[in-house]
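Listed below are the residues making up each chain.
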Amino acid sequence: MTSFPLPSTSSHQESADESAKRAEQARALCLRLLTARARTRAELEGQLAKRGYPDDISAEVLDRLAQVGLVDDEDFAEQWVRSRRANAGKGKRALAAELRTKGVDNEVITAALADIDAGAERTMAEKLVRDKLRREKLGDPDDRDIENKVTRRLVGMLARRGYSQSLALDVVTTELANERERRRV
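These numbers were taken from a predicted model, which means no experiment stands behind them.

Colleague: Would you take a moment to explain the overall build of the protein for this structure?
Modeller: Helices and strands together make up the secondary structure of the protein, namely nine helices and zero strands. Counting every position in the protein, which comprises 185 residues, the buried fraction comes to 36%. A sequence separation of at least 24 residues applies to 68% of the contacts in the protein between residues at least 6 apart. Accessible surface computed for the protein: about 11,900 Å², of which carbon and sulfur atoms make up 50%.

Colleague: Whenever I open this one, the side chain of T40 confuses me. Can you help?
Modeller: Turning to its location among the elements, T40 is positioned in the loop between α1 (10-36) and α2 (41-50). With a relative accessible area of 0%, T40 lands in the buried category. Looking at T40, its side chain comes within polar contact range of the main-chain oxygen of K102, at 2.5 Å. Ignoring sequence-local partners within four residues, the contact set of T40 consists of V71, D73, F76, K102 and V104.

Colleague: Explain the packing of helix α5 (residues 92-101) against helix α6 (residues 106-113) here, please?
Modeller: In a pair of packed helices, the angle between the axes and the distance between the axes together describe the arrangement. Look at α5 against α6: their axes get within 10 Å of each other, and the N-to-C directions meet at 145°. Here α5 and α6 pass one another in a crossing that is right-handed. Residues K92, L95, A96, L99 and R100 of α5 form the contact with α6, whose own contacting residues are N106, I109 and L113. For the contact of α5 with α6, the class distribution of residues is five nonpolar, one polar and two charged.

Conventions adopted
Residues numbered from 1 in each chain as written. Predicted model: local features only at pLDDT ≥ 70, side-chain atom pairs only at ≥ 80, totals over all residues. Heavy atoms only, no water. Helix = DSSP H or I, 4+ residues; strand = E, 2+ residues; numbered from the N terminus. Buried < 20%, exposed > 50% of the residue type's maximum accessible area, 1.4 Å probe, protein only. Contact = heavy atoms within 4.5 Å. Areas by Shrake-Rupley, 256 points an atom, 1.4 Å probe, with all protein chains shown as cover. Polar contact = N/O pair within 3.5 Å; in protein donor to acceptor, adjacent residues only side chain to side chain. Axes fitted to C-alpha atoms, helices over the stretch in contact; angles between N-to-C directions. Left-handed = near helix turned anticlockwise from the far one by under 90°. Nonpolar A, V, L, I, M, F, W, Y, C, P; charged D, E, K, R; others polar.

This is the structure:
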């Protein structure tokens with residue numbers, strides 16, 4: 001007769017140890033990722049899932065990181081908006097899209113973008129266009145081809161940064177006229 005070993009009570013202990021070890025590895029991964037730059041909860045969840053960590057361990061680790069203030073989507077969104085507006089001149093639409101891809105909730109996005117009004121948006125667009133126009137060759141004021149080409153290029157630049165087409169066209173037209181006047185004097 002074949003005998004089977006009796007189940008030992010130490011296997012439960014081993015699985016608890018294994019679970020604690022996996023949780024510690026997940027925490028270390030999150031801390032390493034957060035050292036490079038701030039991240040949203042969704043980004044960290046994605047990285048943990050990609051590396052095969054179970055949902056319960058991921059949730060436990062991320063909850064603890066949120067408790068101590070290392071994972072905060074509201075703070076992340078505010079910092080992201082401030083940084084991307086200052087360094088890349090992004091408009092509200094582009095900022096909202098970037099935050100959505102990072103897994104930030106719509107309510108948090110709305111709150112982070114609340115400080116940007118139409119005037120601030122226009123001012124940033126004007127600054128971007130002025131900076132680009134200073135490097136453009138405008139040629140003869142009667143040469144419509146060059147002017148149209150410059151206008152298309154500048155409107156496209158603003159559109160890629162998330163500004164509405166009507167605002168972009170208005171700003172480019174005004175700033176182009178101002179630049180021509182400045183160069184004439």
